[in-house]
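Inside the fold
Here is what each chain is made of, one letter per residue.
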Amino acid sequence: MLPENTMIPPFVARILLVGLIFFIIVNAIQTPNYKRKGWWIIIIGFLFTLYFIGGFVYDYIQNPGVIFTFSYFSYPVTIAAYTLIIGGFYLISSKKLNMRYAKYEVPIKKESIKYLFIVYKYEDYYLLKKEGTLQKAEFFKFKKSRYYHDMEMSSFLGEKGIHASSTEMIGKVIKVGKKQDEEIFCYMVTINQFNEYLRSFDQVSKFKLTSIKSDDFTRQTILRMALKTPFEIKI
């Protein structure tokens, strides 16, 4: 147990405070598109930094003889560091996932067969489709007229009457074939309420995902998605 007079050093306190602010900002930017999110973080961080630079200019004009210490600049330096690290992370992730600012990704090549792999999440439970004795994710082939996975996702949710609080593409699996590749886009769809379609799904606790009754591919893919770590794998 820490002594009562123990205090957090001022510089560490600033880092924690700015970290809390960026945590709130990241969660407030509600978009599954990592490129958009990355640029919004950079813009907001830049505006914060600009605000402190404006304060410095004002202080310098008012007190030209004052010596400015490193402590004075600690906030803008910390904000700039958080901006570059967090914004850079999302921009790099968007490049790996092939996301663009205007769209979720570039048009998919027609020679590949495209599928959506959807896992529904409700509170601490994952909803898995029952197929006999097996538990599976929602898995289906794109319609012939569709080449963008975000369009196919929106269309499917509309057809099933599912109101999602968020839809997030976690990763992509490419099954390499001799004549055609299969591209599987893995989405996590979070819901706040059930509709008639989802009532037939099994509710599986996050602590029991490793023991679901399913094939290895489905089980491993669902476990990857539950970690919320972006991935792209070839098999």
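We now turn to the structure provided with this report. Each chain carries its own residue numbering, running from 1 in the written order of its sequence. Reporting in this predicted model follows two pLDDT cut-offs: at least 70 for local features of residues, and 80 or more for side-chain atom pairs to be given and counted; totals over whole chains, interfaces and linings ignore these cut-offs and use all residues. Hydrogens and waters are ignored; side-chain quantities use all the structure's heavy atoms.

This part covers the overall build of the chain. A run of DSSP states H or I qualifies as a helix once it reaches four residues; a run of E qualifies as a strand once it reaches two. Both are numbered from the N-terminal end. The secondary structure content of the chain amounts to five helices and eight strands. The linear arrangement of helices and strands in the chain, starting from the amino end, is α-α-α-β-β-β-β-α-β-β-β-α-β. Exposure categories follow from relative accessible area, calculated using a 1.4 Å probe and restricted to protein chains: below 20% of the type maximum is buried, above 50% is exposed, and the middle band is partly exposed. Residues counted as buried form 37% of the 235 residues belonging to the chain. A fraction of 71% describes how many contacts in the chain between residues 6 or more apart in sequence connect residues 24 or more apart. Accessible surface computed for the chain: about 14,700 Å², of which carbon and sulfur atoms make up 61%. Residue contacts are counted whenever heavy atoms from the two residues lie within 4.5 Å of one another. Surface accessibility follows the Shrake-Rupley procedure with a 1.4 Å probe radius. Residue values consider only the protein chains on display as shielding.

A carboxyl oxygen of Asp or Glu within 4 Å of a side-chain nitrogen of Lys or Arg is what we treat as a salt bridge. Following the criterion strictly, the structure yields eight salt bridges and no others. D202 is the partner of K130 in a salt bridge, and the nearest nitrogen-oxygen pair spans 3.8 Å. Here K130 is found in strand 2 (residues 125-131), whereas its partner D202 is found in strand 7 (residues 202-205), with 72 residues between them in sequence. For K136, the salt bridge goes to E131, with nearest N and O atoms at 3.9 Å. Residue classification places E131 among the partly exposed positions, given a relative accessible area of 42%.

Let's shift gears to the side chain of N195. Following the sequence through the fold, N195 ends up in the loop between strand 6 (182-191) and strand 7. Once residues lying within four places of it in the same chain are set aside, the contact partners of N195 are K160, G161 and I162.

This paragraph deals with the side chain of S214. Within the element layout of this structure, S214 appears in the loop between strand 7 and helix 5 (216-226). The exposure class assigned to S214 is buried, which follows from its relative accessible area of 11%. Beyond its immediate chain neighbours, meaning those up to four positions away, S214 contacts L134, Q135, K136 and R219.

Bringing a nonpolar patch on the surface into the picture now. Only residues whose relative accessible area exceeds 30% and that form no salt bridge are eligible for patches; like-charged ones are grouped when within 9 Å, while nonpolar side chains (Val, Leu, Ile, Met, Phe, Trp, Tyr) are grouped when within 5 Å. Together, W39, W40, I43, F46, L47, L50, I53, V57, Y60 and I61 line one region of the surface with nonpolar side chains, adding up to about 1,000 Å² of accessible area. Looking at where I53 falls in the secondary structure, it is placed in helix 2 (residues 34-62).

What a helix should span is 1.5 Å times the count of its residues minus one. Relative to the 16 Å expected for twelve residues at 1.5 Å per residue, helix 4 (residues 149-160) spans 17 Å between its end C-alpha atoms, a close match to the ideal helical length. Those residues of helix 4 lying buried are H149, D150, E152, M153, S155, F156 and L157.

Below, the discussion takes up the environment of F142. Summarising the element assignment, F142 is placed in the loop between strand 4 (138-141) and helix 4. Placed ten residues apart in sequence, F142 and E152 show a C-alpha to C-alpha distance of 6.8 Å.

Before going further, it helps to spend a moment on helix 2. Residue pairs spaced three or four apart in an α-helix point in one direction, given the helix's 3.6 residues per turn. Taking 1.5 Å as the rise per residue, helix 2 with 29 residues should run 42 Å; its terminal C-alpha atoms sit 42 Å apart, in good agreement. Taken as a whole, helix 2 has its buried residues at Y34, K37, G38, I41, G45 and T49.

Our focus in this paragraph is the packing of aromatic side chains. Side-chain rings of Phe, Tyr and Trp, where Trp is taken by its six-membered ring, are said to pair if the distance between their centres is within 6.5 Å; with planes under 30 degrees apart they count as stacked, over 60 as edge-to-face, and otherwise as tilted. One pass over the full model with this rule turns up ten aromatic pairs. Between the aromatic rings of F89 and Y90, the centroid separation amounts to 5.2 Å while the plane-to-plane angle is 75°, which identifies the pairing as edge-to-face. On the basis of relative accessible area, F89 is assigned to the partly exposed category, the value being 46%. A ring pair is formed by F117 and F139, whose centres lie 6.2 Å apart and whose planes are at 75°; its orientation type is edge-to-face. With F117 in strand 1 (residues 113-122) and F139 in strand 4, this residue pair connects regions lying 22 residues apart in the sequence. Taking relative accessible area as the criterion, F117 reaches 2% and is therefore assigned buried. Using a relative accessible area of 40% as the deciding quantity, one classes F139 as partly exposed. Three or more aromatic residues joined by ring pairs form one cluster here, namely Y115, F117, F139 and F217. Cation over ring: K175 sits above F217, and NZ or CZ is 4.5 Å from the ring centre. Comment: the charge-over-ring label is applied if NZ (Lys) or CZ (Arg) is within 6 Å of the ring centre and within 35 degrees of the ring normal. In this arrangement the basic side chain of R224 is found over the ring face of F231, its NZ or CZ atom lying 5.8 Å from the centre.

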